[in-house]
Structure formats: structure tokens, C-alpha cells
Amino acid sequence: MSETPLLDELEKGPWPSFVREIKKAAAKNEMARDHLRLLERCYKDKRTHWKHGGIVAVRGYGGGVIGRYCDLPEEYPHVAEYHTIRINMPTGWFYTSKALRDICDVWDKYGSGLTNFHGSTGDIILLGCPTKALEPCFQDLAYLEIPFDIGGSGSDLRTPTACMGPALCEFACFDTLDFIYEMTMEFQNELHRPMWPYKFKIKASGCPNDCVAAKARADFSVIGTWKDEIQIDQEAVKEYVNELGAERIQKEVVELCPTKCMKFDPNTKELEIDNSNCVRCMHCINKLPKALRPGKERGATILIGGKATFVDSAFLSWVLLPFVEMKHPYDYIKELLRAIWDWWDENGKFRERFGELIRRVGMWRFLKAMKEEYGIDIPADVRMVEYPRTNPFVFWTPEDREEAKRRWRK
């Protein structure tokens, strides 16, 4: 009879199964075998038997290792200590086969052999390492021919991450790979030594499609964009019309534009775009990639405050800088980040994310502090709104004011 009848059910069906993969590791690794048995126990008892507690780390680092223990160490001794190691992934998740083999060889030597490519932050996740093996495992990883460093965890800078940018995407408006590599190398101290109220995430997407969901997950999002007009190849538009038909172009492209800034003439088979009302949603470009391209004057929008729920619910990022040029070595962004961290560290509460602090004290206080305390002048902008397409300003005409006075007198 199987040791894991409940988990066996999760192997049924045509889809990949994490249970099947754990069983493969369990066949040659005692930690993985106890992991499998304990997981079955959790399903049977309908509660977790994993617990957190204590701080574990490698020498000189404060983050990167997440302590995890089993609350039934006598029954499952090989997972009594089952720590997770986060490994800083290559920018854009590009690997050589040798690099992957090196990681797996080290992990088979010191841990459970179970990995997660990748965690929600982007790191390589090594699942299950006893305390005594943490330091030698790190030393082997760090001094391979292609070395790997530990990523972020705790109240520090989490491992910066980016989409594959210009390496694979024709729409990338800046070099996300270079930018994230530069941020990672510049902020090593912030990445490895927790010292803030809570965690801070930097994520970069090369275009407004935002393939790493930076706007929803990062305290500091860098999203590629452009300032000038969308490039239109009218001959390519006509090819799409001949292939798809004028009606589909009208219904699937023009009518789905969120700001209705597009017009299509079925007679001339040409598109017209009112770029002053374009919000860079990328819908038309995604639908007609041969005919439409981002503008030539490219850079990025800086957004702040995105996060998942904790202190004050989940909310998306909002705009801080509508457009910045993205030129190596990104000195302005480095200066801005250091000012943000210093202000947040001085004013934030325990476990309060950067965006939650701004929500609590107000954007105007943040902008005032940036200018008066750090010499960074960020002008207030109508695009600094909490919700998309929401205008926080009220404009009163003289007639409106007179009408308000009459109503007040009554």
C-alpha cells in the first residue's frame, strides 16, 4: 500500500505534478522522502506541520535564508530543519546548461534536491537545507566557475528583477537587463543586510505590457514607455486589413482603445491616432505588431507603492515620474532610491511598506521631503493619482464659485 494515498491523487491527470517530482527526489534523498511523508501528514491532519522561528543566515549576510522547521521532528527527523535558500537569479532568467547543472550538483550534495524555478520575487529557490549545511552550501555556490550569490529576504531590498527586455522583445523601450544588473551590483549592502521597516522591491519591465507585473508587486516599478508618437506603417495596416478584414480592425483594435484615440478609415485603409490622448496601454501595438511600434523617444515611467496585502490591503502602484531617460549608470535613479529609503526608514512603522507610508502621510509630504531634505525636486503632476484615469484636482470657474455662494447663502 502506498505511503501517500492522498498525494497520489494529485498525480492523476495529464498535467505536470509536483508530487511526481518530489517522489523522484525522494527515491534518492532522505530529506525529500521525509518531506513527502510530512506533506501527506499535513493533508491528512488538514493543517500545516511547518513552523517558522529563529533566524538563520550565512556568514556576513542577514537575509537570503528563510528559517523553516517541522513541529514533528521525532517522526520526521530529516526535515526537522528545512531551511529555504534564495539564490539571486541572472537578470532576465538567462542560464547556460552548465550553470544549471552546477546549481543542481551543489544542491544534491547539501540539500533535499528540490528546487523552485522561480519564486514570486524571481529568485532560484532551494527547498530544504539543514542549518549545518547552509554555510558550506553557500561557499560552494559562491565559488563555482559561474558563481551565484544569495538573494534578498526579510526587511531588505529584495532581489531586483526584470523582464527579458531587448534580448527577446521588440517592444522594449530601455535595457531592462543592464538596469537591473546595475541596481543589483550597486545596492549589495541593502540587498543582503535587513535594516528597514519592511521589504522593498524593484522590478523593471521594458514596455507597458509589464510582463513581470511590476505595477502590482513592486514598491519601485520602472516601466518602459515613449514620449513621442506611435510609429505607424500604413502599408502594413493595409496588409492587416486584407488579411483580417476592415470590420475586425474596427471592432478589435479601434473600438477597444480605452481612450478612443484611434480612427480607422475603411476607404483608405489607414489608421489615425490622437497621441495626445494615448495612455500607452499597448493594446493596438499588441494587435498589429507589424504596423505599429512604440515611439522613437524612449525611456521609462517610475511608479511607486505597489504591493500585495499586509498592513493596508493590496493596491497598485501610482506614478511618481511620468518620464525619465534611462542612461547607464542611472545615477538619478540611484540618488532617488537612496533618498526614498532614508525617508522611509525615518518615518515608516514596523512592517509598513513604502507605499503604505505615503498613503498614511500623504504624497505631498513625500514630495516636500524629497525637495527640502534631499534636494530632489519632483513636481506635482496630475498623473500622480491613486487610481488610473482619476483626476484628484477640482477646477472651479467664476460661475461655479458664484453658484456655490448662492447655494451656501440659502
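Not measured: the values here are computed from a predicted model.

For the layout of surface pockets, give the residues involved together with the corresponding values.
Considered as a void within the structure, the second largest pocket measures approximately 380 Å³ in volume. Contributing to the lining of the second largest pocket are 18 residues, with N88, M89, P90, P147 and Y181 lying nearest its centre. A per-element tally of the lining of the second largest pocket places helix α6 (residues 176-186) first, with four residues. For the lining of the second largest pocket, the per-class residue count stands at 12 nonpolar, five polar and one charged.

So what about the confidence of the model for the protein chain? Which residues, and what values?
One rule of thumb: low pLDDT means the predicted coordinates there are not for detailed reading. Per-residue pLDDT for the protein chain has a mean of 92; in total, 96% of the residues score no lower than 70. Looking at the elements of the protein chain, mean pLDDT is at its lowest for helix α15 (residues 398-409), recorded as 81, and at its highest for strand β9 (residues 220-226), recorded as 98.

Quick one: what's the story with the pattern of salt bridges, residue by residue and with numbers?
One side chain can pair with another of opposite charge once the charged atoms of both are near each other. Taken as a whole and judged by the stated rule, the model has 31 salt bridges. D71 is the partner of R47 in a salt bridge, and the nearest nitrogen-oxygen pair spans 3.7 Å. Placement of R47 in the loop between α3 (30-45) and β1 (50-51) and of D71 in the loop between β3 (69-70) and β4 (83-87) is noted, with a sequence separation of 24 residues between them. You can call R47 partly exposed: its relative accessible area is 47%. Across the pair E182 and K334 runs a salt bridge whose closest N-O atoms are separated by 2.6 Å. Here the residue E182 occupies a position in helix α6, and K334 occupies one in helix α12 (residues 331-347), the gap between them amounting to 152 residues. Among the residues examined, E182 registers a relative accessible area of 15% and is labelled buried. A cluster of three or more residues bridged by salt bridges with shared partners is formed by E3, R33, D34 and R37.

Account for the sheet that holds β9, with residues named and values stated.
Pairing in this open sheet of five strands is mixed, and the strands run β7-β8-β9-β14-β15 from one edge to the other. This sheet does not close on itself; its edge strands, each paired only once, are β7 (161-162) and β15 (318-324). Relative to strand β14 (residues 298-304), β9 runs antiparallel, the two sharing seven bridges. Across the sheet, the residue bridging to G224 is A300, located in β14. In this fold α6 packs onto β7, β8 (202-205) and β9, with an angle of close to 165 degrees to the strand it touches most, β8. Sheet strands in contact with helix α14 (residues 363-374) are β14 and β15, and its direction is about 40 degrees off that of β15.

Definitions and cut-offs
Residues numbered from 1 in each chain as written. Predicted model: local features only at pLDDT ≥ 70, side-chain atom pairs only at ≥ 80, totals over all residues. Heavy atoms only, no water. 1 Å grid on protein atoms, 1.4 Å probe; cavity = no way out; pocket = protein on both sides within 12 Å on 5 of 7 lines; lining within 4 Å. Points joined across faces, edges and corners; volume = space filled by probe spheres on them. Helix = DSSP H or I, 4+ residues; strand = E, 2+ residues; numbered from the N terminus. Nonpolar A, V, L, I, M, F, W, Y, C, P; charged D, E, K, R; others polar. pLDDT = per-residue confidence, 0-100. Salt bridge = Lys/Arg side-chain N within 4 Å of Asp/Glu carboxyl O. Buried < 20%, exposed > 50% of the residue type's maximum accessible area, 1.4 Å probe, protein only. Pairing = 2+ DSSP bridges. Contact = heavy atoms within 4.5 Å. Axes fitted to C-alpha atoms, helices over the stretch in contact; angles between N-to-C directions.

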